[in-house]
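What follows is each chain in one-letter form.
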Amino acid sequence: NTAKPVISDLIAYGYVRGRIDTGLTLVDVQNSRTAFMYNVSQLGLYVYKSNSKSLVNGDRITAVNGVAVSDLAGFNSAVGAYKVGDTLQITVVRSGQNVTAPLTLGELKS
């Protein structure tokens, strides 16, 4: 029962519809060695690449829709509660300031 809609989507569209894509490549910095490698001073979840105009490389993500996140697992859990087309408010630290930016979830087509 679970496989049938997946197979149908793959045949019809070439991908499984409804899977979200944030448009972000993130780096989960959870130890001093990784922090040194990425030249950051604090542990946390960082934007490495972004397709969004509102989030930029180097932003440290601290919350998704007001829910605190500090690592990739927390981010995925928070974002996983939403669907394609939803717009989330992502709170980041940028240049020492807290900034809240919108992020509209796209559809993963691979």
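1. Digging into the overall build of the chain
A tally of helices and strands in the chain yields three helices and eight strands. Starting at the N terminus and walking to the C terminus, you meet the elements of the chain as α-β-β-α-β-β-β-α-β-β-β. Principal-axis analysis of the C-alpha atoms places the extent of the chain at approximately 45 × 25 × 20 Å. Taken over 110 residues, the chain has a buried fraction of 32%. Long-range pairs, those at least 24 residues apart, make up 47% of the contacts in the chain between residues at least 6 apart in sequence. Carbon and sulfur atoms make up 50% of the accessible area of the chain, which totals about 7,000 Å².

2. With respect to the confidence of the model for the chain
When pLDDT is averaged along the chain, the result is 91, and 97% of the positions lie at 70 or above. Considering each helix and strand of the chain separately, the mean pLDDT is smallest for helix 1 (residues 3-13), with a value of 79, and largest for strand 4 (residues 60-64), with 98.

3. Comments concerning the nonpolar core
The biggest cluster of nonpolar side chains holds 17 residues, and the ones touching the most others in it are Leu 24, Leu 26, Leu 55, Ile 61, Val 64, Phe 75 and Ile 90. Residue assignment for this core shows that the elements contributing at least two residues are strand 2 (24-29), strand 3 (44-50), strand 4, helix 3 (72-79), strand 6 (87-94) and strand 7 (97-104). Those residues in contact with Leu 24, other than ones at most four positions away along the chain, are Val 47, Lys 49, Ser 50, Leu 55, Phe 75 and Leu 103.

4. So, the environment of Glu 107
Along the chain, the position of Glu 107 falls in strand 8 (residues 106-107). Classification of Glu 107 by relative accessible area gives partly exposed; the value is 26%. Along the sequence, Glu 107 and Tyr 15 sit 92 residues apart, while their C-alpha atoms lie 9.9 Å from each other.

5. Focus on the side chain of Thr 91
Checked against the element boundaries, Thr 91 lands in strand 6. At 3.4 Å, the side chain of Thr 91 and the side chain of Thr 100 are in polar contact. Look past the residues within four positions of Thr 91 in its chain and what remains in contact with it is Arg 60, Ile 61, Thr 62, Ala 63, Val 99 and Thr 100.

Reading the values: the criteria
Every chain's residues receive numbers from 1 upward, in the order its sequence appears when written. Local features in a predicted model are, by the rule used here, given only for residues with pLDDT of at least 70; side-chain atom pairs are given and counted only at 80 or more, and totals for whole chains, interfaces and linings are based on all residues. To get the side-chain values, all heavy atoms of the structure are used, and hydrogens and water are removed first. Each helix is a run of DSSP H or I of at least 4 residues and each strand a run of E of at least 2, with the numbering of both proceeding from the N terminus. Only protein chains enter the area calculation, which uses a 1.4 Å probe; residues under 20% of their type maximum are buried, those over 50% are exposed, and those in between are partly exposed. Contact definition: two residues touch when any of their heavy atoms are within 4.5 Å. Values of accessible area rely on a 1.4 Å probe in the Shrake-Rupley scheme; residue burial ignores everything except the protein chains shown. For every residue, the predictor assigns a confidence score, pLDDT, that lies between 0 and 100. We call a set of buried residues a nonpolar core when its members are Ala, Val, Leu, Ile, Met, Phe, Trp, Tyr or Cys and they connect through side-chain atoms within 4.5 Å of each other. Under this definition, polar contacts are N or O atom pairs within 3.5 Å; protein pairs additionally need one hydrogen-donor-capable and one acceptor-capable atom, and for neighbouring residues in sequence, both atoms have to be side-chain atoms.

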